[in-house]
Amino acid sequence: MQQANEKDKFAAERQAMVRVQLKKRDITDPAVLRVMADVPREKFIPAECLDGAYFDGPLPIGCGQTISQPYIVALMTQELKVDKNSEVLEIGTGSGYQTAILAKLAKEVYTIERIEHLALNAQRILAEMNITNVKFHTGDGTIGWPFDSFDFTQDKSAQGRPEQRQFDRIIITAATPQMPKPLLEQLKTGGIAVVPLGADYVQELVVIEKTVDGLKTKSVCGCRFVKLIGKFGYSE
Ligand code: SAM
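Basis of the calculations
Residues numbered from 1 in each chain as written. Predicted model: local features only at pLDDT ≥ 70, side-chain atom pairs only at ≥ 80, totals over all residues. Heavy atoms only, no water. Helix = DSSP H or I, 4+ residues; strand = E, 2+ residues; numbered from the N terminus. Rg over C-alpha atoms; globule rule 2.2 N^0.38 Å. Contact = heavy atoms within 4.5 Å. Areas by Shrake-Rupley, 256 points an atom, 1.4 Å probe, with all protein chains shown as cover. Lys, Arg positive; Asp, Glu negative; His and termini not counted. Charge placed at Lys NZ, Arg CZ, Asp CG, Glu CD. Near = heavy atom within 4 Å. Polar contact = N/O pair within 3.5 Å; in protein donor to acceptor, adjacent residues only side chain to side chain. Phe/Tyr/Trp six-rings, centres within 6.5 Å; stacked < 30°, edge-to-face > 60°. Buried < 20%, exposed > 50% of the residue type's maximum accessible area, 1.4 Å probe, protein only. Lys NZ or Arg CZ within 6 Å of the ring centre and 35° of its normal. Salt bridge = Lys/Arg side-chain N within 4 Å of Asp/Glu carboxyl O.

Trainee: With reference to specific residues and values, describe the overall build of the protein.
Mentor: Assigned secondary structure in the protein consists of six helices and nine strands. Rg of the C-alpha trace for the protein: 17 Å, near the compact-globule value of 18 Å for 236 residues, within the 12% margin. Across its three principal axes, the protein shows a C-alpha extent of roughly 55 × 35 × 35 Å. The long-range share in the protein, meaning contacts at least 24 apart out of those at least 6 apart in sequence, stands at 53%. Here the protein has roughly 11,600 Å² of accessible surface; of this, 51% comes from carbon and sulfur atoms. In the protein, which carries 29 positive and 30 negative side-chain charges, the distance between the mean positions of the two groups comes to 3 Å.

Put into structure tokens, the structure is as follows:
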């Protein structure tokens, strides 16, 4: 149980993070700033790193993986342009922090993590936070959201046909040499994907818009993520 003064300390650090790390950079979307000020990052941080919960950088979360820098989480969310109608596919649940931020803005978040321990931990934290609009899957996210997780009984438009689910938004939170083909296929026309593309040490954060005339891409900034490991990403 968190002590009251510890809670206050984190609340103050969270406000300072929004003011200094986000607003003083280029995070201007009021909805993004609101959820970043609302979601307690300390819940997603391992006990041994808790003092640095609002550190302006990534932190280890175990299994050789990291929780992303708050600024990068905010920037990717801002570029994704999520609203209450959006169905979002996230590849790389990690700690679940980005998942929670997206869940507060979107209609539904579908998130895939390849490491079961991380997936279960994230699922537990989001349940504790009473976040109910997230579906979890453990496996290789480069091949997309699996057919067998599609609940046809809930989606009258599918009329029982085995169609692949498509998403309004896709976010990949690990570095990939190229946008995995199955994910491009699962992006709706008119949809937006935000992806760190490039070599395994330094990448470019890229926004991909799928239009009726083809793909439009925009480079946002340089970035550095752990590798996306899978059939259409890096090999292990
Ligand atoms: N956004 C996360 C957060 O806020 O904690 C950080 C994600 S971390 C930088 C990248 C995650 O992608 C890791 O947890 C890693 O295990 C996961 N990952 C790597 N390859 C994957 C794949 N093919 N499918 C699903 N998850 C993958």
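Trainee: Go over the site of the ligand, please, and point to the residues and values.
Mentor: As a matter of local geometry, the ligand sits amid 26 residues, with Ser95, Glu113, Asp140, Gly141 and Ile229 nearest to it. Arg114 is positioned with one of its backbone polar atoms (N or O) 3.3 Å from a nitrogen atom of the ligand. When the ligand sits alone it has 600 Å² of accessible area, and the protein chains cover 100% of it. Secondary structure elements with two or more residues in the shell around the ligand: strand E2 (65-67), helix H4 (97-105) and strand E4 (108-113).

Trainee: Provide a residue-level description of unusual backbone geometry, including the pertinent values.
Mentor: Backbone geometry at Cys63 places phi at a positive 60 degrees, although glycine is not the residue there. Following the sequence through the fold, Cys63 ends up in the loop between strand E1 (59-62) and E2. Phi is positive for Asn130, which is not a glycine, with a value near 60 degrees. Positionally, Asn130 belongs in the loop between helix H5 (116-128) and strand E5 (134-138).

Trainee: I'd like a rundown of the packing of aromatic side chains, residues and numbers included.
Mentor: Under the defined criterion, the tally for this structure stands at four aromatic pairs. Measuring from centroid to centroid gives 5.2 Å for Tyr110 and Phe167, while their planes differ by 65 degrees, and the two rings are edge-to-face. Here Phe167 lies in strand E6 (residues 167-172) and Tyr110 lies in strand E4, a separation of 57 residues in the sequence. The same class applies to Tyr110 as to Phe167, namely buried. What links up through ring pairs into an aromatic cluster is the set Tyr110, Trp145 and Phe167. A cation over an aromatic ring shows up here: Lys9 above the ring of Phe10, its NZ or CZ 4.9 Å from the ring centre.

Trainee: Break down helix H2 (residues 30-38) for me, citing the residues and quoting the values.
Mentor: Of all the positions in H2, only Val32, Leu33, Val35 and Met36 are classed as buried. Put simply, Asp29 is the residue that caps the front of H2, since its side-chain oxygen is 2.9 Å from the backbone nitrogen of Ala31.

Trainee: Before we move on, can you summarise the pattern of salt bridges with the specific residues and values?
Mentor: The full count for this structure, using the stated rule, is 13 salt bridges. The shortest N-O distance in the salt bridge between Glu79 and Lys218 comes to 2.9 Å. One end of the pair, Glu79, is in helix H3 (residues 70-80); the other, Lys218, is in strand E9 (residues 214-223), with 139 residues separating them in the sequence. For Glu79, a relative accessible area of 12% puts it in the buried group. Of the charged contacts in the structure, one is a salt bridge between Asp168 and Lys188, with a shortest N-O distance of 3.1 Å. Note that Asp168 is positioned in strand E6 and Lys188 in strand E7 (residues 187-198), a separation of 20 residues in sequence. The partly exposed category is assigned to Lys188, whose relative accessible area is 28%. Beyond isolated ion pairs, a larger network of salt bridges with shared partners links Lys9, Glu13 and Asp51.

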